Each structure stands twice: as C-alpha cells, then as structure tokens.
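# Examination of the molecular architecture
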Amino acid sequence: MDTVPETLSAGQEAWLDAIVYDDHGLVPGIAQDVTTDKVIMFAFLNRESLRETLRTGNATYWSRSRNRLWRKGEESGHVQRVREIRLDCDGDVVLLRVEQVGGIACHTGRERCFYRRLETEGGAHWVETDPVLKDPESIYK
C-alpha cells in the first residue's frame, strides 16, 4: 500500500463514509499477518486513525483506555506496516493486512494476542498455545 499525502480533499475521503461506525465513532479492526494469514490482533479504529493509517502506511488505532490515537509500536518498536485495507460485507469491520515488524504484536511479548485456546476435555478451560518471544519488561520501558 502506498502512503498518501497528509491531507485529502473531502471527495477523496468517501472511503471513510462507506464504513459503518458505532455510536462512539468506532469500528472494529482486525490485524492479520500478510505472510501467515494469522489473526494477530484486534483493536478499534475511528476516522482519524484510519486517515493516519493511510497517510503513514503504519497501523494507527484508537485507544479507548488512553482516549487518544495509538500508533502501534510507538513504545515497543513493533510497528505494523499496512499492506492492504479491507472492509467486510456489512461495512462494519475493517481488516488490516499487515507486516508485523519484529514478529510481536501482543503486549505480552507474543506473536499474536490470540494465544489462548478453549479446551473442553476435563471441563472448559483456557490453554496458552503460543510462547512468549520477548519479555514484556524489556519491550516497554
């Protein structure tokens, strides 16, 4: 995906109008590794974060806890280079196909945030399936 000029005219932002946002102006965003097709992360996006993602070519989300833009990798260095942006059939979920720099998407130091699988044998319980690749203490200073 090529990055675009910092400002787009109103007519050039029609792509943002095609997205169905919730009452808070947010839309779910799924990050998928472009090489492995693994779903590596989920976060929310808004118009501003989508605009910034397109402008820079790096994934930018809306952090509900921080109440501000969250540029993935701004602290860890594990940025997501966006290779493709897709919109689902209902227009209410965005898929970012990304190159995950450093191979770590999760703040726990794992490749992906979805590292727990539900097992039902012996009663329903979560099993951690993915190893910690890097100690989170060394990622976030």
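Read on for an overview of the structure. Computed from a prediction, not measured in an experiment: that's the story for all the values here.

At Asp37, a residue that is not glycine, the phi angle is positive and equals roughly 70 degrees. Mapped onto the secondary structure, Asp37 falls in the loop between strand E1 (27–33) and strand E2 (39–45). Although it is not a glycine, Asn67 sits at a positive phi angle of roughly 55 degrees. With respect to the element layout, Asn67 can be found in the loop between strand E3 (60–63) and strand E4 (68–71).

Turning to the side chain of Gln32, a few remarks are in order. Checked against the element boundaries, Gln32 lands in strand E1. Residue classification places Gln32 among the buried positions, given a relative accessible area of 13%. Of note is the side chain of Gln32, whose polar atom sits 3.0 Å from the backbone oxygen of Asp37. Residues in contact with Gln32, not counting those within four places in the same chain, are Asp37, Lys38, Val39, Ile40, Leu95, Leu96, Arg97 and Val98.

Another aspect to go through is the packing of aromatic side chains. Following the criterion strictly, the structure yields two aromatic pairs and no others. Where Phe42 meets Phe44, the ring centres are 5.2 Å apart and the plane angle is 75 degrees; that geometry is what we call edge-to-face. On the basis of an interplanar angle of 40 degrees and a centroid distance of 5.3 Å, the ring pair of Tyr61 and Trp70 is categorised as tilted.

Among all positions in helix H2 (residues 47–56), only Ser49, Leu50, Glu52, Thr53 and Leu54 are buried. The positive-phi residue at the C-terminal boundary of H2 is Gly57, with phi of around 85 degrees.

This part is about a nonpolar patch on the surface. On the surface, a cluster of nonpolar side chains totalling about 260 Å² of accessible area is made up of Val39, Phe42 and Phe114. Tracing the backbone shows Phe114 in the loop between strand E6 (94–100) and strand E7 (116–119). Here Phe114 falls in the partly exposed class, since its relative accessible area comes to 43%.

Here is what the cut-offs are and how they apply
Residues numbered from 1 in each chain as written. Predicted model: local features only at pLDDT ≥ 70, side-chain atom pairs only at ≥ 80, totals over all residues. Heavy atoms only, no water. Helix = DSSP H or I, 4+ residues; strand = E, 2+ residues; numbered from the N terminus. Buried < 20%, exposed > 50% of the residue type's maximum accessible area, 1.4 Å probe, protein only. Polar contact = N/O pair within 3.5 Å; in protein donor to acceptor, adjacent residues only side chain to side chain. Contact = heavy atoms within 4.5 Å. Phe/Tyr/Trp six-rings, centres within 6.5 Å; stacked < 30°, edge-to-face > 60°. Patch = residues over 30% accessible without salt bridge, like charges linked within 9 Å, V, L, I, M, F, W, Y side chains within 5 Å. Areas by Shrake-Rupley, 256 points an atom, 1.4 Å probe, with all protein chains shown as cover. Salt bridge = Lys/Arg side-chain N within 4 Å of Asp/Glu carboxyl O.

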